[in-house]
Amino acid sequence: MNVKLDALDRKILAELTRNARIPIAELARKVGLSKTPVALRIRHLEEIGLITGYRAILSPLKLGLTHVTYVEVSMSDTREAALQQFNAAVRTIPEIEECYMIAGGFDYLVKVRSRDMADFRRIMAEKISGLPHISNTSSYVSMEAVVEQTFTFG
């Protein structure tokens, strides 16, 4: 479904992605409407599924999770049942921050966040290596985050 947004919806979304805790009165002032129309627009954006929730964004660095490794995963079986088993299993590993099915020379790209190399090695040995239908992996350690952000609107 492709949602049609007007300029006011776009302004509201831009403000909410910057600060989801902004009071309705302040948001209304920033977008040039009164509180009731802004609240109605937000409710509509939630109802149509464009706004899917609100959450706190934690600092991985403050939590001591400074080590980022990307893991290429190649599968031994790429039939739908095997992919679904892998997908379900990979979702249970909290250290996996992101996982994408890839079209190319390997099957999945996994972003793993850990405390350090020893912690990453433990995660690989105890969790990732045991995922179903993996034939091999290649790991790439990040040296520095140049751009790292959550999706914002506008």
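A brief structural summary. What you see is a predicted model, and the numbers here were worked out from it, not measured in a lab.

1. Side note on the sheet that holds strand S1 (residues 67–75)
- Pairing within the open sheet is antiparallel, and its 4 strands lie in the order S2-S3-S1-S4. If you trace the sheet from one side to the other, it starts and ends with strand S2 (96–101) and strand S4 (134–141), each paired once. Geometrically, the sheet is characterised by an average inter-axis angle of 20° between neighbouring strands, direction not taken into account.
- Pairing of S2 with strand S3 (residues 108–114) involves 5 bridges; the strand directions are antiparallel. Across the sheet, Ile-96 pairs through a bridge with Val-112, a residue of S3.
- With respect to the sheet, helix H4 (residues 80–90) is in contact with S1, S2, S3 and S4, its orientation differing from that of S2 by roughly 165°.

2. Regarding the packing of helix H2 (residues 24–31) against helix H3 (residues 35–47)
- With their axes 9 Å apart at the nearest point, H2 and H3 run at an angle of 100° to one another. By the angle class used here, H2 and H3 are roughly perpendicular. Of the residues in H3, those touching H2 at Ile-24, Ala-25, Leu-27, Ala-28 and Val-31 are Lys-35, Val-38 and Ile-42.

3. Let's talk about H3
- The terminal C-alpha atoms of H3, which comprises 13 residues, lie 18 Å apart, in line with the 18 Å expected from a rise of 1.5 Å per residue.
- When we look at burial in H3, the residues that qualify are Val-38, Ile-42 and Leu-45. For H3, the angular spread of the buried residues around the axis is 60°, confining them to a single face. Within H3, the exposed residues directed more than 90 degrees away from the buried face are Thr-36 and Glu-47.
- Check the buried side of H3 and you find it contacts helix H1 (7–18) and H2.
- Positive backbone phi, approximately 85°, marks Gly-49, located one or two places after H3.

The rules behind these values
- Residues numbered from 1 in each chain as written.
- Predicted model: local features only at pLDDT ≥ 70, side-chain atom pairs only at ≥ 80, totals over all residues.
- Heavy atoms only, no water.
- Pairing = 2+ DSSP bridges.
- Helix = DSSP H or I, 4+ residues; strand = E, 2+ residues; numbered from the N terminus.
- Axes fitted to C-alpha atoms, helices over the stretch in contact; angles between N-to-C directions.
- Contact = heavy atoms within 4.5 Å.
- Parallel < 35°, antiparallel > 145°, perpendicular 65-115°, else oblique.
- Expected span 1.5 Å × (residues − 1).
- Buried < 20%, exposed > 50% of the residue type's maximum accessible area, 1.4 Å probe, protein only.
- Arc of directions from axis to C-beta.

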